[in-house]
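One-letter residues, chain by chain:
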Amino acid sequence: MNILKNIDISNLWLGDLNKYTYVEDAIEKAFVDILDKEYSKKDDWVIPFFNTFWRNGEKMMDANPIFSARNIPKNYIVRLIVYEENSTGYSSYESDFDNIPMSTLWVTSGYTNKIEPFFRDIVKKLK
(Lines give C-alpha, C1' and ligand atoms only; values in the text may rest on other atoms or scores of the structure.)
Protein backbone atom coordinates (compact mmCIF):
# COMPACT_ATOMS: atom_id res chain seq x y z
CA MET A 1 0.00 0.00 0.00
CA ASN A 2 1.32 3.42 -0.92
CA ILE A 3 -0.49 5.92 1.31
CA LEU A 4 1.62 8.78 -0.02
CA LYS A 5 1.16 8.00 -3.72
CA ASN A 6 -1.21 10.88 -4.46
CA ILE A 7 -0.26 13.33 -1.75
CA ASP A 8 0.79 16.80 -2.83
CA ILE A 9 3.85 18.04 -0.97
CA SER A 10 4.50 21.05 -3.16
CA ASN A 11 5.24 24.44 -1.62
CA LEU A 12 1.51 25.20 -1.55
CA TRP A 13 1.03 23.37 1.74
CA LEU A 14 3.86 25.03 3.64
CA GLY A 15 2.47 27.60 6.04
CA ASP A 16 -1.12 26.31 5.74
CA LEU A 17 -1.91 24.59 9.06
CA ASN A 18 -4.67 22.34 7.68
CA LYS A 19 -2.70 21.18 4.63
CA TYR A 20 0.53 20.81 6.60
CA THR A 21 -1.19 18.73 9.30
CA TYR A 22 -2.82 16.56 6.62
CA VAL A 23 0.57 15.82 5.00
CA GLU A 24 2.24 15.28 8.38
CA ASP A 25 -0.51 12.87 9.48
CA ALA A 26 -0.37 10.94 6.20
CA ILE A 27 3.38 10.46 6.55
CA GLU A 28 3.03 9.26 10.15
CA LYS A 29 0.22 6.87 9.12
CA ALA A 30 2.46 5.44 6.38
CA PHE A 31 5.20 4.81 8.95
CA VAL A 32 2.84 3.22 11.50
CA ASP A 33 1.29 1.00 8.79
CA ILE A 34 4.77 -0.24 7.93
CA LEU A 35 5.46 -0.93 11.61
CA ASP A 36 2.23 -2.96 11.78
CA LYS A 37 3.07 -4.96 8.64
CA GLU A 38 6.61 -5.69 9.79
CA TYR A 39 5.41 -6.80 13.24
CA SER A 40 7.36 -4.07 14.94
CA LYS A 41 6.00 -2.58 18.15
CA LYS A 42 4.74 0.98 17.85
CA ASP A 43 5.37 1.33 21.59
CA ASP A 44 9.10 1.01 20.87
CA TRP A 45 8.97 4.32 18.98
CA VAL A 46 8.68 7.95 20.08
CA ILE A 47 6.79 9.80 17.29
CA PRO A 48 7.57 12.61 16.76
CA PHE A 49 11.02 12.60 18.27
CA PHE A 50 12.09 16.14 17.41
CA ASN A 51 10.11 19.05 18.84
CA THR A 52 7.86 20.49 16.14
CA PHE A 53 6.46 23.46 18.06
CA TRP A 54 7.74 26.95 18.75
CA ARG A 55 7.97 28.17 22.34
CA ASN A 56 4.64 29.99 21.92
CA GLY A 57 2.91 26.69 21.05
CA GLU A 58 2.58 27.31 17.31
CA LYS A 59 3.42 24.40 15.03
CA MET A 60 6.68 24.67 13.08
CA MET A 61 5.65 24.24 9.48
CA ASP A 62 8.96 24.21 7.66
CA ALA A 63 9.04 20.43 7.01
CA ASN A 64 12.51 20.16 8.53
CA PRO A 65 11.69 17.59 9.71
CA ILE A 66 8.11 16.82 8.78
CA PHE A 67 8.51 13.42 10.40
CA SER A 68 10.83 12.03 13.04
CA ALA A 69 10.82 8.95 15.21
CA ARG A 70 13.18 7.32 17.66
CA ASN A 71 13.37 3.61 18.32
CA ILE A 72 14.01 3.33 22.04
CA PRO A 73 15.33 -0.27 22.28
CA LYS A 74 17.73 0.15 19.35
CA ASN A 75 18.49 3.83 20.13
CA TYR A 76 18.00 4.90 16.51
CA ILE A 77 16.38 7.94 14.87
CA VAL A 78 14.64 8.22 11.53
CA ARG A 79 13.91 11.64 10.03
CA LEU A 80 12.17 12.92 6.90
CA ILE A 81 12.81 16.40 5.49
CA VAL A 82 10.88 17.97 2.64
CA TYR A 83 12.65 20.79 0.85
CA GLU A 84 11.41 22.38 -2.36
CA GLU A 85 13.17 25.68 -2.82
CA ASN A 86 15.16 25.65 -6.08
CA SER A 87 15.72 21.92 -5.95
CA THR A 88 14.41 18.59 -7.16
CA GLY A 89 15.29 15.07 -6.17
CA TYR A 90 15.94 13.04 -3.09
CA SER A 91 18.81 11.70 -1.03
CA SER A 92 19.28 9.68 2.10
CA TYR A 93 22.17 9.75 4.48
CA GLU A 94 23.38 8.46 7.83
CA SER A 95 24.53 10.76 10.60
CA ASP A 96 24.01 11.05 14.32
CA PHE A 97 22.23 13.27 16.79
CA ASP A 98 23.69 13.43 20.30
CA ASN A 99 25.62 10.23 19.54
CA ILE A 100 22.43 8.43 18.43
CA PRO A 101 22.59 6.97 14.89
CA MET A 102 20.12 8.66 12.55
CA SER A 103 18.88 7.97 9.01
CA THR A 104 17.51 10.94 7.09
CA LEU A 105 15.59 11.08 3.84
CA TRP A 106 15.44 14.42 2.07
CA VAL A 107 12.81 14.66 -0.69
CA THR A 108 11.11 17.13 -2.97
CA SER A 109 7.47 16.85 -4.06
CA GLY A 110 8.24 14.72 -7.11
CA TYR A 111 9.79 11.97 -5.00
CA THR A 112 7.16 11.02 -2.40
CA ASN A 113 7.42 7.48 -3.79
CA LYS A 114 10.80 7.20 -2.00
CA ILE A 115 9.36 7.76 1.49
CA GLU A 116 7.65 4.43 2.16
CA PRO A 117 10.54 2.26 0.86
CA PHE A 118 12.89 4.31 3.07
CA PHE A 119 10.67 3.71 6.10
CA ARG A 120 10.35 0.01 5.25
CA ASP A 121 14.13 -0.41 5.03
CA ILE A 122 14.67 1.28 8.40
CA VAL A 123 11.99 -0.78 10.15
CA LYS A 124 13.34 -4.05 8.72
CA LYS A 125 16.88 -3.07 9.72
CA LEU A 126 15.81 -2.46 13.32
CA LYS A 127 13.70 -5.61 13.79
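What counts and what doesn't
Residues numbered from 1 in each chain as written. Predicted model: local features only at pLDDT ≥ 70, side-chain atom pairs only at ≥ 80, totals over all residues. Heavy atoms only, no water. Pairing = 2+ DSSP bridges. Helix = DSSP H or I, 4+ residues; strand = E, 2+ residues; numbered from the N terminus. Contact = heavy atoms within 4.5 Å. Axes fitted to C-alpha atoms, helices over the stretch in contact; angles between N-to-C directions. Phe/Tyr/Trp six-rings, centres within 6.5 Å; stacked < 30°, edge-to-face > 60°. Buried < 20%, exposed > 50% of the residue type's maximum accessible area, 1.4 Å probe, protein only.

**Student:** Explain the sheet that holds strand β5 (residues 100–107) to me, and be specific about the residues and the numbers.
**Tutor:** Pairing is mixed across the open sheet formed by five strands, whose spatial order is β1-β2-β3-β5-β4. Only two strands of the sheet have a single partner each, and these edge strands are β1 (45–46) and β4 (90–97). For β1 and strand β2 (residues 67–71), the ladder comprises two bridges, and the chain directions are antiparallel. Among the inter-strand pairings, Trp45 is bridged to a residue of β2, identified as Asn71. Most of the contacts of helix α1 (residues 17–37) go to β2, to which it runs at about 30°, and overall it touches β1, β2 and β3 (76–82).

**Student:** Help me get a handle on the packing of aromatic side chains, residues and values and all.
**Tutor:** For any two aromatic rings, the description comes down to two numbers: the centre-to-centre distance and the angle of the planes. Scanning the model with the defined rule gives nine aromatic pairs in all. Seen in terms of ring centroids, Phe49 and Phe50 are 5.0 Å apart; in terms of plane orientation they differ by 70°. Their pairing is edge-to-face. According to the relative accessible area criterion, Phe50 is buried, its value standing at 15%. By the ring-pair criterion, three or more aromatic residues cluster together here, those being Phe31, Trp45, Phe67, Phe118 and Phe119.

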